[in-house]
Amino acid sequence: MAQLLSDAEIQAKASQLEDWSVEGKTLRSKKTFKGFVEAIAFVNKLVEPSEVAGHHPDLEISYNKVTITLTTHDSGGLTSKDFDLAQVISELG
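This is a predicted model, so every value here is computed, not measured.

Digging into the overall build of the chain
Right, on to step 1. Along its length, the chain carries four helices and four strands.
Right, on to step 2. Ordering the α and β elements of the chain from the N terminus gives α-β-β-α-α-β-β-α.
Right, on to step 3. Relative to the 2.2 N^0.38 estimate, which gives 12 Å for 93 residues, the radius of gyration of the chain is 13 Å and therefore close to what a compact globule would have.
Right, on to step 4. For the chain, the spread of C-alpha atoms along the three principal axes comes to 40 × 25 × 20 Å.

And the structure:
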């Protein structure tokens, strides 16, 4: 089980990410695309890095909007795994 980060560690790591916010025990990003096809294409790009990391985001899709939520469920909050995957996702678009 991954170790939970302290509030100070969470704030330090969050400050290094653009377009992500800490909301309670989660890390969240909302992305808007031209249309549904582009939103789904982006979601499909998340499969490989999530599988490689063994860490999977919670996703909400609403037409051209995708909300990505990360948390380490088995640890009960935010761990380095969440921030590592958020960085990879940020590089995808």
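The discussion continues.
Topic: the packing of aromatic side chains
Right, on to step 1. Within this structure, the stated rule accounts for one aromatic pair.
Right, on to step 2. Here the aromatic rings of F33 and F42 are separated by 5.1 Å at their centres, their planes lie at 35 degrees, and the arrangement is tilted. Here F33 and F42 have matching classes, each one buried.

Thresholds applied
- Residues numbered from 1 in each chain as written.
- Predicted model: local features only at pLDDT ≥ 70, side-chain atom pairs only at ≥ 80, totals over all residues.
- Heavy atoms only, no water.
- Helix = DSSP H or I, 4+ residues; strand = E, 2+ residues; numbered from the N terminus.
- Rg over C-alpha atoms; globule rule 2.2 N^0.38 Å.
- Phe/Tyr/Trp six-rings, centres within 6.5 Å; stacked < 30°, edge-to-face > 60°.
- Buried < 20%, exposed > 50% of the residue type's maximum accessible area, 1.4 Å probe, protein only.

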